[in-house]
Amino acid sequence: MTTKASTVSKNGEATATVKNEVKKKLTQSANGLQVQELSIGRIIPDSMQPRKSFNEEALKQLSESIEEHGVLQPITVRKSGKDYIIVMGERRYRASKLAKRKTIPSIVREYANNDVLEIQIIENLQRQDVEPTEEAEAVVFLSEKYSPTEISKRLGRTENFVRQRLKLAGLIEGFKVFVRNGEMTISLGVGVALFEPEEQQMMLETMGEDFSSHQINQMIKNQTYDLEKAPFDVVDEKLITKVGACTTCPFNAMNQGNLFGDGKMVCTKSACYETKKSKSFLNLIEKSKKENVLLIPEIRKYWADDDNNQLIISQLEQNGLKVYLLDDVEIIEEPIEPTIEVIKTEYQHYDYSEEELKTELEEAIENYKEELETYNSAKENGFVDGVMFHPKTYLNKVIFVKIKEDSKTENSTYSEPIANRKMADCTPEEQIVKINEREIRKRHIEHNKQFEDMVQMIRQTDYIEKKKALSVDEMVAFSLTLFENNVDYVGRQKHFSKLLGNTSKMTDVETVENFKKNFKKETFYKLIRYILTKQVHFGESNHVNNLTNISFYNAMQGYYKTKIANIEKEYVEERNKRETRLKERIGNLEKKIQELND
């Protein structure tokens, strides 16, 4: 790197001598090959050079250095007729042209065409500023001749780097553009590249013109599946014979060098996963019929008209099964013995002492013993074998089940919800239900409109400009606004668990009235202080370059001045040590510069 100080010389002739000696050492013959000064006009860039992009600003800086010091490292070329083609050093060649040099130090070597390309690729990949998609294409070329392990050794890179670039090469051009301009990270690009080109194109078109990493991440999440939670056996080769077991599938992220999915078994072939899932559900139905086991979907009556749930109910009926929902049956599941670790996890957001946690564990163990006794005597009490499954994931578990007496004679059909039927097709009782539901919905819509009209009216008044102190109602409103919109679950459990009291038997209107009745300004202050601690900015923002952080830092001095001072002291001591080392280093460099100038 050229420093301003290095350009200052008391003796021009002495400086030139030093420069020439440095240049001679750096450009002297390597392995017996002679360095020649070749005319730049006779040197041609290689059209097959894998590196396509060069940073213009960096080239300009290099050209300025070459103007002052010359080319300190020769380029490597090969003969081609009367001219020479660059093998290594195109960046130095371009910078030399910018510096208007007429010659450039070069080493002339003979290469076979394939050797030239391989050398260029390896040389480029060993640089730090290579564009990722160019790296990917270069690694693909090398993979035709070498294994990922051999490539990693030749490049001095990790094997994961090689596998990552191999996968990145599968990214369609539409996404590569976002990688090149820095909008798309390499890891996200690898995540997209795991999908087939047709699926990538659909993701690209769904995203629209503007790049959105959040949207792409969501699409990846929606099209990938955690195989550890699959409702089928992932080692089963015969579930879908043509595709075999998931454990050996190339679309399992674990079989792609753990480039995606944090080392888990993650399926990236959504169509295959859904097919296996559907097949496993049909197998579950057949097994339940064959073994005379009751198959219970995890569906409540009030969700029976959901489209997905309707499909499940219809499938069960078409396969000759009587449909019983959760409301129709009693279920006993095998209890799980509690441990102190489980209790700690369950109560992690509560400020419980070790003694309180032990008490919770003892109570949980007593409950477990009772549940285990009930489970072991289930069949004696009229329960039969059953299987309960989730209507979306098809994950299932073995249970004991007993049909409720009123469900045995009930002729309800869950595949025809009241909401989807015409009034004329309903019984008188059902018509009353529909009429009441419609009125409830109309009233809700009226309230929505009434509130919106009121807010719009207020916004057109001078309310915001009022100079009066806040009323109790306003502080109540602001407190609930802060609580509803800014306090997360952990904050509510840790700091505000009793803020609203017991609301289980109150309407929302009654909850607000009760809060107002018990309101104290201390509650208002507590919410403000909570928000203050949550709204500060980290990352590149700190207590000297951000208004929010500066004001927070100053405000906390009134409460914790000594503690803050202790933290400041630690950082000042560390900073002083670092600055001392820097001064010594700079001093040594300045001495070397002085020696060169003398």
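Structure: above.
Residues numbered from 1 in each chain as written. Predicted model: local features only at pLDDT ≥ 70, side-chain atom pairs only at ≥ 80, totals over all residues. Heavy atoms only, no water.

Chemist: Any chance you could explain a positive patch on the surface here in plain terms?
Modeler: A cluster of like positive charges, contributed by R575, K577, R578 and R581, occupies part of the molecular surface. Following the sequence through the fold, R575 ends up in helix α22 (residues 547-597). (Patch = residues over 30% accessible without salt bridge, like charges linked within 9 Å, V, L, I, M, F, W, Y side chains within 5 Å. Areas by Shrake-Rupley, 256 points an atom, 1.4 Å probe, with all protein chains shown as cover. Salt bridge = Lys/Arg side-chain N within 4 Å of Asp/Glu carboxyl O. Lys, Arg positive; Asp, Glu negative; His and termini not counted. Charge placed at Lys NZ, Arg CZ, Asp CG, Glu CD. Helix = DSSP H or I, 4+ residues; strand = E, 2+ residues; numbered from the N terminus.)

Chemist: How should I be thinking about the sheet that holds strand β2 (residues 43-44) in this particular structure?
Modeler: As summarised here, the arrangement of the 5 strands in space is β1-β5-β3-β4-β2, forming an open sheet in which the pairing is mixed. Since the sheet does not close on itself, it has two edges, and those belong to β1 (35-39) and β2, each with one partner. Pairing of β2 with strand β4 (residues 83-88), which is carried by 2 bridges, proceeds in the parallel orientation. The residue bridging I44 from the neighbouring strand is I85, located in β4. Across the face of the sheet, helix α3 (residues 90-98) comes into contact with β2, β3 (75-80), β4 and β5 (103-108) while running at roughly 125 degrees to β4. (Pairing = 2+ DSSP bridges. Contact = heavy atoms within 4.5 Å. Axes fitted to C-alpha atoms, helices over the stretch in contact; angles between N-to-C directions.)

Chemist: Whenever I open this one, the packing of helix α5 (residues 132-143) against helix α7 (residues 159-168) confuses me. Can you help?
Modeler: A pair of packed helices can be characterised by two numbers: the angle between their axes and the separation between those axes. Contact geometry for α5 and α7: axes closest at 8 Å, N-to-C directions at 100 degrees. Considered as vectors, α5 and α7 are oriented roughly perpendicular to each other. Contacts between α5 and α7 involve P132, T133, E135, A136, V139, V140 and S143 on the former and, on the latter, F161, V162, R165, L166 and L168. (Parallel < 35°, antiparallel > 145°, perpendicular 65-115°, else oblique.)

Chemist: Would you explain a negative patch on the surface in this entry?
Modeler: Where like charges cluster on the molecular surface, the negative patch consists of D351, E354, E355, E356, E362, E366, E370, E371 and E373. Here E373 is to be found in helix α15 (residues 354-376). On the basis of relative accessible area, E373 is assigned to the exposed category, the value being 59%. (Buried < 20%, exposed > 50% of the residue type's maximum accessible area, 1.4 Å probe, protein only.)

Chemist: Honestly, the nonpolar core in this entry has me stumped. Any pointers?
Modeler: One broad trend across soluble globular proteins is that nonpolar side chains are buried collectively. Ranked by size, the top nonpolar core spans 20 residues in total, and within it L171, F175, M184, V192, M203, M207 and I216 carry the most contacts. For this core, the elements supplying multiple residues, two or more each, are α8 (173-180), α9 (186-193), α10 (197-207) and α11 (213-222). The leading source of residues in this core is α9, at 4 residues. Contact partners of M207, with chain neighbours within four places excluded, come to F175, F178, S212, Q215, I216 and M219. (Core = buried A, V, L, I, M, F, W, Y, C linked by side-chain atoms within 4.5 Å.)

Chemist: Looking at this model, I keep getting lost on the packing of α10 against α11. Mind explaining?
Modeler: Axis separation between α10 and α11 bottoms out at 10 Å; the angle between their running directions is 140 degrees. Of the possible angle classes, the one that applies to α10 and α11 is oblique. By crossing handedness, the relation of α10 to α11 is classed as right-handed. Across from M203, T206 and M207 in α10, the residues of α11 making contact are Q215, I216, M219 and I220. Classifying every residue of the contact of α10 with α11 by side-chain character gives 5 nonpolar, 2 polar and no charged. (Left-handed = near helix turned anticlockwise from the far one by under 90°. Nonpolar A, V, L, I, M, F, W, Y, C, P; charged D, E, K, R; others polar.)

Chemist: I keep staring at unusual backbone geometry and nothing clicks. Help me out?
Modeler: Among all residues save glycine, negative phi is the norm, and among peptide bonds the norm is trans. The phi angle at K100 is positive, at roughly 60 degrees, despite the residue not being glycine. Take K100: it is sitting in the loop between α3 and β5. Taking the relative accessible area as the measure of exposure, K100 reaches 72% and is therefore exposed. If you check the backbone angles, Y394 has positive phi at about 65 degrees while not being a glycine.

Chemist: So what exactly am I meant to see when it comes to the sheet that holds strand β11 (residues 396-403) here?
Modeler: Neighbouring strands of a sheet are bound in pairs by backbone hydrogen bonds; such pairs are parallel or else antiparallel. The mixed open sheet is built from 4 strands, whose spatial order is β8-β10-β11-β9. Where the open sheet ends on each side, the last strands, each with one partner, are β8 (294-297) and β9 (329-332). Averaged over all neighbouring strand pairs, the angle between strand axes comes to 45 degrees, with direction disregarded. Relative to β11, β9 runs antiparallel, the two sharing 4 bridges. By the bridge assignment, V329 is partnered in β11 with I403.

Interpretation in functional terms is not warranted from these geometric data alone.
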